[in-house]
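# Working through the structure, step by step
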Amino acid sequence: RLEQLRKALALFGGEPLADFRYEGFASQEAARLEELRLVVLEEQIQTELELGRHEEVVLELERLIVEHPLREGLRAQLMLALYRCGRQAEALDVYHRARATLADELGIEPGPELERMQRAILEHDPALGSTLGPGQVSEVWVRGPNVMAGYWRDPAATAATSSVNAWRANAG
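## Details of the overall build of the protein chain
Each helix and strand in the protein chain was counted, giving seven helices and two strands. Listing the helices and strands of the protein chain from first to last along the sequence gives α-α-α-α-α-α-β-β-α. Here the protein chain holds 172 residues, and 40% of them are scored as buried. The contacts in the protein chain between residues at least 6 apart in sequence include a share of 63% that link residues at least 24 apart. Accessible surface, the protein chain as shown: approximately 9,800 Å² in total, 55% of it carbon and sulfur.

## Here's the deal with a nonpolar patch on the surface
A cluster of nonpolar residues, L17, F20 and F25, forms a patch on the protein surface that exposes about 310 Å² of accessible area. With respect to the secondary-structure elements, L17 resides in the loop between helix 1 (2-12) and helix 2 (24-50).

## Brief notes about helix 5 (residues 88-106)
With 19 residues, helix 5 should reach 27 Å at 1.5 Å per residue; the first-to-last C-alpha distance of 27 Å fits that figure. Three or more residues of helix 5 are buried, namely A91, L92, V94, Y95, A98 and L102. Buried residues of helix 5 fall within an arc of 145° about the axis and therefore sit on the same side. Of the exposed residues in helix 5, the ones pointing more than 90 degrees away from its buried face are A89 and D104.

## Observations regarding helix 2
For an α-helix, the turn length of 3.6 residues means that residues three or four places apart are oriented alike. Its 27 residues place the ends of helix 2 40 Å apart at the C-alpha level, agreeing with the 39 Å of an ideal helix rising 1.5 Å per residue. The first or second residue beyond helix 2 is G52, which carries a positive phi of 80°.

## Here's the deal with the pattern of salt bridges
One pass over the structure, following the stated rule, counts 11 salt bridges. Residues E34 and R37 are paired through a salt bridge, measuring 2.7 Å at the closest nitrogen-oxygen approach. Here E34 pairs with R37, and both are found in helix 2, just three residues apart, close to one helical turn. For R37, a relative accessible area of 18% puts it in the buried group. Between E67 and R63 there is a salt bridge, with its nearest N and O atoms 2.5 Å apart. Here E67 pairs with R63, and both are found in helix 3 (residues 54-67), just four residues apart, close to one helical turn.

## Digging into the environment of H96
Checked against the element boundaries, H96 lands in helix 5. In this structure, the C-alpha to C-alpha distance between H96 and P110, residues 14 residues apart in sequence, is 9.5 Å.

## Some words on the packing of helix 2 against helix 3
In the contact formed by helix 2 and helix 3, the axes pass within 9 Å of each other and the chain directions differ by 155°. Considered as vectors, helix 2 and helix 3 are oriented roughly antiparallel to each other. Helix 3 is crossed by helix 2, and the crossing has left-handed handedness. Of helix 3, the residues touching helix 2 (which contributes L41, I45, E48 and L49) are H54, V57, E60, L61 and L64. Here the contact of helix 2 with helix 3 is built from residues that sort into six nonpolar, one polar and two charged.

Each value, and the rule that gives it
- Residues numbered from 1 in each chain as written.
- Predicted model: local features only at pLDDT ≥ 70, side-chain atom pairs only at ≥ 80, totals over all residues.
- Heavy atoms only, no water.
- Helix = DSSP H or I, 4+ residues; strand = E, 2+ residues; numbered from the N terminus.
- Buried < 20%, exposed > 50% of the residue type's maximum accessible area, 1.4 Å probe, protein only.
- Contact = heavy atoms within 4.5 Å.
- Areas by Shrake-Rupley, 256 points an atom, 1.4 Å probe, with all protein chains shown as cover.
- Patch = residues over 30% accessible without salt bridge, like charges linked within 9 Å, V, L, I, M, F, W, Y side chains within 5 Å.
- Salt bridge = Lys/Arg side-chain N within 4 Å of Asp/Glu carboxyl O.
- Expected span 1.5 Å × (residues − 1).
- Arc of directions from axis to C-beta.
- Axes fitted to C-alpha atoms, helices over the stretch in contact; angles between N-to-C directions.
- Parallel < 35°, antiparallel > 145°, perpendicular 65-115°, else oblique.
- Left-handed = near helix turned anticlockwise from the far one by under 90°.
- Nonpolar A, V, L, I, M, F, W, Y, C, P; charged D, E, K, R; others polar.

See below:
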């Protein structure tokens, strides 16, 4: 799945319809293609998070938030990645910066996804999987631009994760 998402992103290349950026007919299509690219990119980052690669996605998420400061899904993914890296204070700071940005730019409060993520971090919700290592699968999932805390109950994945965790405990 991760490889498929990477291939899909590679197909986008650079800026959509860059040669026609000043033509009226291209602006709406370019915006649609850019949104599609961002959705695929968020999906790739989510897959990385599900694989326990939270440390690897932090810098990418920080860069993307600078480029797209109003995308709450990216901020929620960064909060989760930072929390899993043991950086709870920084994860909560992401929430506070998101709240300030949304209030300043749009006059709104963060959506329910960011609110749930903040609450889960404050409560040290075990579903956040803060102790996951590379290759372990999380019980929290983030989808597209929306974050939804929920329990993933795939028996095969749960068994595989339990086996890996048991092996690491015995090997360590």
